[in-house]
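Chain residues, written in single-letter form:
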Amino acid sequence: MVKTPPYLQAGDTIGIVCPAGYMAAEKVQRCIDVLHAWGYHVKTGMTIGSESKTYFSGTDTQRLDDLQQMMDDDRISAIICARGGYGVSRIIDQISFTKFSEHPKWIIGFSDITLLLSHVFVKYGISALHAPMADAF
């Protein structure tokens, strides 16, 4: 049986992270503004606008820790990935899905994020959203 995370409601908190490629903080601002206008709270991860000098939004450990924190935070109802690109395949095997599978939340993205969405569905039977990311707002 497929688990569907709770539907979002005004007042819920949506996390935004970059588990793959780098994105400048100012490029995420439009997404934050729209989510606030829709009645949501927003929590940005440390990988948004990081000081990374590489293609990635941080080291594998930083990206893993940022995503893991959002996945484990009970106050977060959904996670929007800021962008895809490449990088989730480097951290997917280290992600702990224990708490997430007990209390699922929406994970939203595409491109490289499809690996994460597929993993969540195939391994844990949890729905996710293959949908535009923060950079599309």
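Residues numbered from 1 in each chain as written. Predicted model: local features only at pLDDT ≥ 70, side-chain atom pairs only at ≥ 80, totals over all residues. Heavy atoms only, no water.

Peer 1: Describe the pattern of salt bridges, with residues and values.
Peer 2: For the coordinates displayed, the defined rule picks out five salt bridges. The salt bridge involving Asp 73 is made with Lys 43; its shortest N-O contact spans 3.1 Å. On the criterion of sequence distance, the pair formed by Asp 73 in the loop between helix H2 (60-72) and strand S3 (76-81) and Lys 43 in strand S2 (residues 41-44) is long-range, its members being 30 residues apart. Judged by its relative accessible area of 9%, Asp 73 is buried. Look at the salt bridges and you will find they share partners, linking Lys 43, Asp 73 and Arg 75 into a network. (Salt bridge = Lys/Arg side-chain N within 4 Å of Asp/Glu carboxyl O. Helix = DSSP H or I, 4+ residues; strand = E, 2+ residues; numbered from the N terminus. Buried < 20%, exposed > 50% of the residue type's maximum accessible area, 1.4 Å probe, protein only.)

Peer 1: Residues and numbers for the packing of aromatic side chains, please.
Peer 2: Overall, the coordinates contain six aromatic pairs when judged by the stated rule. Each ring, one from Trp 38 and one from Phe 137, has its centre 6.1 Å from the other, and the planes form 55 degrees; the classification is tilted. One end of the pair, Trp 38, is in the loop between helix H1 (25-37) and S2; the other, Phe 137, is in the segment after strand S5 (129-130), with 99 residues separating them in the sequence. Its relative accessible area of 54% is what places Trp 38 among the exposed residues. An aromatic cluster is present here, built from Tyr 55, Phe 56 and Tyr 86 joined pairwise through their rings. (Phe/Tyr/Trp six-rings, centres within 6.5 Å; stacked < 30°, edge-to-face > 60°.)

Peer 1: Got a sec to walk through the environment of Phe 56? Specific residues and values, please.
Peer 2: Examined against the element boundaries, Phe 56 turns out to sit in the loop between S2 and H2. Judged by relative accessible area, Phe 56 falls into the buried class, the value being 13%. Phe 56 sits 50 residues away from Trp 106 along the chain, and the two C-alpha atoms are 23 Å apart. The contact partners of Phe 56, leaving out residues within four places of it in the chain, are Ala 20, Gly 21, Tyr 22, Arg 63, Tyr 86, Gly 87 and Arg 90. (Contact = heavy atoms within 4.5 Å.)

Peer 1: Any chance you could break down helix H4 (residues 114-124) for me, citing the residues and the numbers?
Peer 2: What H4 keeps buried is the set Leu 116, Leu 117, His 119 and Val 120. Down the axis, H4 shows its buried residues gathered within 160 degrees of arc, on one side only. With its phi angle positive at about 65 degrees, Gly 125 sits one or two positions after the end of H4. (Arc of directions from axis to C-beta.)

Peer 1: Any details on a nonpolar patch on the surface? Residues and values, ideally.
Peer 2: Residues Val 2, Phe 121 and Val 122 make up a contiguous nonpolar surface patch of roughly 300 Å² in combined accessible area. For Val 2, the position within the fold is in the segment before strand S1 (13-17). Exposure remark for Val 2: the relative accessible area of 44% places this residue in the partly exposed category. (Patch = residues over 30% accessible without salt bridge, like charges linked within 9 Å, V, L, I, M, F, W, Y side chains within 5 Å. Areas by Shrake-Rupley, 256 points an atom, 1.4 Å probe, with all protein chains shown as cover.)

Peer 1: I'd love a proper account of the sheet that holds strand S4 (residues 106-109), names of residues and values included.
Peer 2: In spatial order, the strands read S2-S1-S3-S4-S5; together these five strands make up an open sheet with parallel pairing. Two strands close off the open sheet at either side, each with one partner strand: S2 and S5. Pairing geometry for S1 and S2, over four bridges, is parallel. The partner of Thr 13 across the bridge, within S2, is His 41. Strand contacts of H4: S4 and S5, with the helix running at about 150 degrees to S4, the strand carrying the most contacts. (Pairing = 2+ DSSP bridges. Axes fitted to C-alpha atoms, helices over the stretch in contact; angles between N-to-C directions.)

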